[in-house]
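What follows is the residue order along each chain.
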Amino acid sequence: MRKILILFAVALIGFASCADSKQSMTVTVTNPLALERAGEMVEVPMSDVVAKLKLADTAQIVVLDVDGQQVPYQVTYDEKVVFPVTVGANSAVTYTIQPGTPAPFDVIACGKYYPERLDDVAWENDLGGFRAYGPALQARGERGFGYDLFTKYNTTEPILESLYAEELNPEKRAKIAELKKTDPKAASELQNAISYHIDHGYGMDCYAVGPTLGAGVAALMAGDTIIYPYCYRTQEILDNGPLRFTVKLEFNPLVVRGDSNVVETRIISLDAGSYLNKTVVSYTNLKEAMPVTTGLVLREPDGAVVADAANGYITYVDPTTDRSGANGKIFVGAAFPAQVKEAKVVLLSEKEKKDRGGADGHVLAISEYEPGAEYTYYWGSAWDKAAIKTPDAWNKYMAEYAQKLRTPLAVAY
């Protein structure tokens, strides 16, 4: 009888193990490159997770690494489970998805719409921040075509909301206006104390955009002429952390080569741990193929530039708004998963410089846009006061990023 009971217990354990195996999903991530991939985000459709785990609508999941430790994840607006992986060169690693209660995760990638600051949309992750200008700025007649950026260091936590809160503080702004009449020096000191154009120990806005492509805006081209997009018309934040921020921007109609009502839509996403934003651009009502370019504004005619069409990336070392060097250098760049037709520096004439707010030109990566298609690229920045210290280090990061885009991680389950 004792032997029968033991056999029955073993059978129950075996049954439980089978049940557990059916309630877990193994995800194998393979890296075909001779480069380590650290903290890179992978995606698994939530529909596949639900089907494999036979989950109820209200069920929660956890993602575990090879050691059984929870990995932070996010379910995105387009129903994908995204989580960071680390895979050695020419290696594979497994992760497990199963039902469970996830641990709380820190919010790393996030953003906000700021109607109080002329309709800015600003977002960030642990490495830097960015913003796109909105209709209220355009209504004032200002020409802010390109992306702006915020440098960041000494913290991995979100800082933009507090920077905006100080910059726009109504009581302090009223005090500044009052002091200007009686004590201009005190007014200037208070202005500097609240300004996000001053580094208070976590980062700042020291990048000049103006009527240019800024830090990586895309634009159609008519021949050699850039058709500059204006500020966005509508915005919709689709994802807001903890690991990915996504915003959808739609623009006012353009007339392009006689095609009226050409509307540009951008979906911009920033992941935790990445210096670059992914951007997917589409143009509705466009009738014929046209060149499309991604540009980085140049603030000096002989600046340090890389324009590498074959390897799919462009970079520039920006002097910041303070040419004395006190604000360091900003590294900007763009990378492309698809073949780039041409990459080059285009300098402006003296007359054009005046129209472009004093900019010297752009470094451009030019591709071809087909009507009804999507144009996908990545753009972003780093700061030499933070982790990436030299142009060589930035160019290495960008070259490897482009290589990874063209040889993505393989995900199997």
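Residues numbered from 1 in each chain as written. Predicted model: local features only at pLDDT ≥ 70, side-chain atom pairs only at ≥ 80, totals over all residues. Heavy atoms only, no water.

### Overview of the overall build of the protein chain
Piece 1. Secondary structure summary: the protein chain contains 8 helices and 26 strands in total.
Piece 2. Taken over the C-alpha atoms alone, the protein chain extends approximately 95 × 55 × 40 Å along its principal axes.
Piece 3. Counting over 413 residues, the protein chain shows a buried share of 46%.
Piece 4. For the protein chain, restricting intrachain contacts to residue pairs at least 6 apart in sequence, the fraction spanning at least 24 positions comes to 68%.
Piece 5. Averaging the locations of the 40 positively and 52 negatively charged side chains of the protein chain gives two centres separated by 1 Å. (Helix = DSSP H or I, 4+ residues; strand = E, 2+ residues; numbered from the N terminus. Buried < 20%, exposed > 50% of the residue type's maximum accessible area, 1.4 Å probe, protein only. Contact = heavy atoms within 4.5 Å. Lys, Arg positive; Asp, Glu negative; His and termini not counted. Charge placed at Lys NZ, Arg CZ, Asp CG, Glu CD.)

### Things to note about the pairing of strand β6 (residues 80-87)
Piece 1. Here strand β2 (residues 37-45) pairs with β6 via 8 bridges, running antiparallel. Along β6, the bridge assignment pairs Val42 with Phe83.
Piece 2. As paired elements, strand β5 (residues 74-75) and β6 share 2 bridges and run antiparallel to each other. Pairing of Gln74 across the sheet is with Val82, part of β6.
Piece 3. The antiparallel hairpin formed by β5 and β6 contains 4 residues in its connecting segment, where Glu79 sits at a positive phi of about 60°. (Pairing = 2+ DSSP bridges.)

### Re helix α5 (residues 170-182)
An α-helix turns once every 3.6 residues. As a result, residues three or four positions apart point the same way.
Piece 1. Compared with an ideal rise of 1.5 Å per residue, which puts 13 residues at 18 Å, α5 spans 19 Å between its outermost C-alpha atoms and is within 8% of the ideal.
Piece 2. The N-terminus of α5 is capped by Asn169, whose side-chain oxygen sits 3.1 Å from the backbone nitrogen of Glu171. (Expected span 1.5 Å × (residues − 1). Polar contact = N/O pair within 3.5 Å; in protein donor to acceptor, adjacent residues only side chain to side chain.)

### Points about the sheet that holds strand β19 (residues 290-298)
Piece 1. Here we have 5 strands laid out as an open sheet, ordered β13-β12-β19-β24-β23, and antiparallel in their pairing. At either margin of the open sheet sits one strand with a lone partner, and together these are β13 (225-226) and β23 (342-347).
Piece 2. With 9 bridges joining them, β19 and strand β24 (residues 361-369) adopt antiparallel strand pairing. Within β24, the residue paired with Pro291 across the bridge is Glu368.

### A look at the confidence of the model for the protein chain
Piece 1. Confidence along the protein chain averages 94 in pLDDT terms, with 95% of residues attaining 70 or more.
Piece 2. Within the model, the stretch residues 1-21 combines pLDDT values under 50 with 0 contacts to residues more than four positions away or in other chains. (pLDDT = per-residue confidence, 0-100.)

### Quick word on the nonpolar core
Piece 1. Of all hydrophobic cores here, the largest spans 63 residues; its most connected members are Trp123, Leu220 and Trp379.
Piece 2. Residues Met25, Met46, Val87 and Tyr95 belong to the second largest nonpolar core, which totals 21 residues. (Core = buried A, V, L, I, M, F, W, Y, C linked by side-chain atoms within 4.5 Å.)

### Notes on the packing of aromatic side chains
Piece 1. Under the definition given, this model contains 23 aromatic pairs.
Piece 2. When the centroid spacing of 6.4 Å and the interplanar angle of 85° are considered together, the rings of Trp123 and Trp379 count as edge-to-face. Of this pair, Trp123 sits in strand β9 (residues 120-124) while Trp379 sits in strand β25 (residues 375-383), and the two are 256 residues apart along the sequence.
Piece 3. A relative accessible area of 0% places Trp379 in the buried class.
Piece 4. Put simply, the rings of Tyr275, Phe331, Tyr378, Trp394, Tyr397 and Tyr401 pair up and form one aromatic cluster.
Piece 5. Stacked on the ring of Tyr228, the Lys or Arg Arg356 has its end atom at 3.8 Å from the ring centre. (Phe/Tyr/Trp six-rings, centres within 6.5 Å; stacked < 30°, edge-to-face > 60°. Lys NZ or Arg CZ within 6 Å of the ring centre and 35° of its normal.)

### Thoughts on the side chain of Thr76
Piece 1. Among the secondary structure elements, Thr76 is positioned in the loop between β5 and β6.
Piece 2. Among the polar contacts listed, one links the side chain of Thr76 to the side chain of Asp78, at a separation of 2.4 Å.
Piece 3. Setting aside anything within four residues of it in sequence, one finds Thr76 in contact with Val82, Asp239 and Arg244.

### With respect to helix α8 (residues 391-406)
Piece 1. For α8, which comprises 16 residues, the first-to-last C-alpha distance of 23 Å matches the rise-based estimate of 22 Å (1.5 Å per residue) to within 8%.
Piece 2. Those residues of α8 not exposed but buried are Trp394, Asn395, Met398, Tyr401, Ala402 and Leu405. Along the long axis of α8, the arc covered by the buried residues comes to 125°, so they all point the same way. Away from its buried face, by an angle of more than 90 degrees, α8 presents the exposed residues Asp392 and Lys396.
Piece 3. Against the buried residues of α8 lie β18 (276-284), β20 (305-308), β21 (313-318), β22 (330-335) and β25. (Arc of directions from axis to C-beta.)

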